[in-house]
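# A structural walkthrough
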Amino acid sequence: MASGREENPKLCEEAIHQFKTALRYDPARIYIYQFIGLVYEGMGNLEVALRHHRLAVVQDPECPDYHESLGSVLKDLGRTDEALREFQMAENLGGPGFVTDEWFEQRSKNVI
């Protein structure tokens, strides 16, 4: 699992249902896509998490948090080059810099 801990599947499914209901009432709440992605990450369903994080980025490409979340899932999927681009985009947009300098250094040496 991406989170490193066991998640309660019933609670996760309920959270996803509630988030999707909220989106039906107010589709402008783009951050909910990120929340859904984070729940799927916690469940270990990285491909579905990836889709939701991409939706958030597509709808608000100027939000560094969405790029960081997308980069995190891509990294967990082993898609290092794509992850690096997303983390760099987040940093360029003024994000707090989720990825350490060490990660970038390792990446440049193709260690990761």
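For clarity, every value in this text was computed on a predicted model and none was experimentally measured. (Residues numbered from 1 in each chain as written. Predicted model: local features only at pLDDT ≥ 70, side-chain atom pairs only at ≥ 80, totals over all residues. Heavy atoms only, no water.)

### Digging into the overall build of the protein
- For the protein, the helix and strand inventory stands at 6 helices and 0 strands.
- Beginning at the N terminus, the succession of helices and strands in the protein can be written as α-α-α-α-α-α.
- Counting only residues that meet the buried cut, the protein has 39% of its 112 residues in that class.
- Across the protein, the fraction of contacts at a sequence separation of at least 24, relative to all contacts at a separation of at least 6, is 47%. (Helix = DSSP H or I, 4+ residues; strand = E, 2+ residues; numbered from the N terminus. Buried < 20%, exposed > 50% of the residue type's maximum accessible area, 1.4 Å probe, protein only. Contact = heavy atoms within 4.5 Å.)

### As for the packing of aromatic side chains
- Under the definition given, this model contains 2 aromatic pairs.
- Taken together, a centroid distance of 5.5 Å and an interplanar angle of 45° make the contact between phenylalanine 19 and phenylalanine 35 tilted. Remark: phenylalanine 35 occurs in helix H2 (residues 31–43) and phenylalanine 19 occurs in helix H1 (residues 9–25); sequence separation between them is 16 residues.
- For phenylalanine 19, a relative accessible area of 23% gives the class partly exposed.
- The class of phenylalanine 35 is partly exposed, set by a relative accessible area of 33%.
- On the numbers, 5.4 Å between centres and 65° between planes, the contact of tyrosine 31 with phenylalanine 35 is edge-to-face. Of this pair, tyrosine 31 and phenylalanine 35 both sit in helix H2, separated by 4 residues, roughly a single helical turn.
- Residue classification places tyrosine 31 among the partly exposed positions, given a relative accessible area of 34%.
- In this structure an aromatic cluster arises from ring pairing among Phe19, Tyr31 and Phe35. (Phe/Tyr/Trp six-rings, centres within 6.5 Å; stacked < 30°, edge-to-face > 60°.)

### Digging into H1
- Under the 1.5 Å per step criterion, the end-to-end length of H1 is 25 Å for 17 residues, consistent within 8% with the ideal 24 Å.
- Here H1 has its buried residues at Cys12, Ile16, Thr21 and Leu23.
- In the core, the buried residues of H1 are packed alongside H2.
- The opening residue of H1, the one whose side-chain oxygen lies 3.0 Å from the backbone nitrogen of lysine 10, is asparagine 8. (Expected span 1.5 Å × (residues − 1). Polar contact = N/O pair within 3.5 Å; in protein donor to acceptor, adjacent residues only side chain to side chain.)

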